[in-house]
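Single-letter residue listing:
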Amino acid sequence: MDEQRKARQEAVLKRLDRFSRFTDSSLRIPFTRFELGAEAIIGLIPGIGDLAGLVLAGYVLVEARRAGASGATQRRMVRNMLIDFLGGLVPVVGDAFDAIYKANTRNTRLLRKELMRDLGREEKKPFPWATLVGLSILFGAITAVVAALL
């Protein structure tokens, strides 16, 4: 790989790392180690928020195309985007799922793995089921309180 192309790919990954941090993990929940991002907060707006999250996730796919990602990687990215979108549509639990699934971070990792194979393998993290249940309860309680006040 020539140096100019490698520099462009590293710049793409740097941009996507910043973008993924903003959309998936820019805010830390106090007294926990859990982080959520702008996409999870936007996703709280019924219907519109999930669609906005899907549009935001499209940016990672566009950057991957520009960087020369393979068709297989792009298909996996689209799958992650759809899982995130459809999972987010489920009332209450979907909001927690959206905060945990972090499609943009997953897609950035997919692209990194393809573009920078010589950096080594990243370890897979198990899906945080306990966090999903906890956030579902939290978002359910918030929804119940808001509904009771209205």
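The paragraphs below set out a description of the structure included in this document. (Residues numbered from 1 in each chain as written. Predicted model: local features only at pLDDT ≥ 70, side-chain atom pairs only at ≥ 80, totals over all residues. Heavy atoms only, no water.)

**Here we look at the overall build of the protein**
- Scanning the protein from N- to C-terminus turns up seven helices and two strands.
- Its C-alpha atoms give the protein principal-axis dimensions of about 60 × 30 × 20 Å.
- Out of the 150 residues in the protein, the part that is buried amounts to 39%.
- Within the protein, contacts between residues at least 6 apart in sequence are counted, and of these 66% link residues at least 24 apart.
- For the protein, the exposed area adds up to about 9400 Å²; of that, 64% sits on carbon and sulfur atoms. (Helix = DSSP H or I, 4+ residues; strand = E, 2+ residues; numbered from the N terminus. Buried < 20%, exposed > 50% of the residue type's maximum accessible area, 1.4 Å probe, protein only. Contact = heavy atoms within 4.5 Å. Areas by Shrake-Rupley, 256 points an atom, 1.4 Å probe, with all protein chains shown as cover.)

**Notes on the side chain of Thr105**
- Within the secondary structure, Thr105 sits in helix α6 (residues 103–115).
- Here Thr105 is in contact with Ser20 and Asp24, once residues within four sequence places are set aside.

**Observations concerning a positive patch on the surface**
- Together, Arg75, Arg76, Arg79, Arg106 and Lys113 give the surface a local cluster of positive charge.
- Sorting elements by how many residues they give to the positive patch places helix α4 (residues 71–88) first, with three residues.
- Within the secondary structure, Arg106 is located in helix α6.
- You can call Arg106 partly exposed: its relative accessible area is 30%. (Patch = residues over 30% accessible without salt bridge, like charges linked within 9 Å, V, L, I, M, F, W, Y side chains within 5 Å. Salt bridge = Lys/Arg side-chain N within 4 Å of Asp/Glu carboxyl O. Lys, Arg positive; Asp, Glu negative; His and termini not counted. Charge placed at Lys NZ, Arg CZ, Asp CG, Glu CD.)

**Re the packing of aromatic side chains**
- Summed over the entire model, instances satisfying the criterion amount to four aromatic pairs.
- Chaining the aromatic ring pairs together yields one cluster made of Phe97, Tyr101, Phe127 and Trp129.
- Just above the ring of Tyr101 sits the side chain of Arg106; from NZ or CZ to the centre is 4.0 Å. (Phe/Tyr/Trp six-rings, centres within 6.5 Å; stacked < 30°, edge-to-face > 60°. Lys NZ or Arg CZ within 6 Å of the ring centre and 35° of its normal.)

**Quick word on helix α1 (residues 3–25)**
- An ideal rise of 1.5 Å per residue puts 33 Å on 23 residues; α1 measures up with 31 Å between its terminal C-alpha atoms.
- Within the span of α1, buried status applies to Gln9, Val12, Leu13, Leu16, Phe19, Ser20, Thr23, Asp24 and Ser25.
- Looking at the buried side of α1, the elements it contacts are β1 (27–28), β2 (35–36), α2 (38–42), α3 (48–67) and α6. (Expected span 1.5 Å × (residues − 1).)

**What about the pattern of salt bridges?**
- Per the stated rule, a full pass over the model turns up three salt bridges.
- For Arg112, the salt bridge is made with Asp17, and the minimal N-O distance between the two is 2.4 Å. Of the two residues, Arg112 sits in helix α6 while Asp17 sits in helix α1, which places them 95 residues apart along the sequence.
- The shortest N-O distance in the salt bridge between Glu63 and Arg66 comes to 3.9 Å. Here Glu63 and its partner Arg66 are both found in helix α3, three residues apart, which amounts to about one turn of the helix.
- Judged by relative accessible area, Arg66 falls into the exposed class, the value being 64%.
- One connected set of salt bridges, linked through shared partners, spans Arg15, Glu63 and Arg66.

**Quick look at the layout of surface pockets**
- Counted as a void, the second largest pocket has a volume near 220 Å³.
- For the second largest pocket, the lining is made up of 14 residues, of which Gly43, Leu44, Pro46, Val92 and Asp95 are closest to its centre.
- When residues in the lining of the second largest pocket are grouped by element, the largest group, three residues, is from helix α7 (residues 129–149).
- Looking at the lining of the second largest pocket residue by residue, the classes come out as eight nonpolar, four polar and two charged. (1 Å grid on protein atoms, 1.4 Å probe; cavity = no way out; pocket = protein on both sides within 12 Å on 5 of 7 lines; lining within 4 Å. Points joined across faces, edges and corners; volume = space filled by probe spheres on them. Nonpolar A, V, L, I, M, F, W, Y, C, P; charged D, E, K, R; others polar.)

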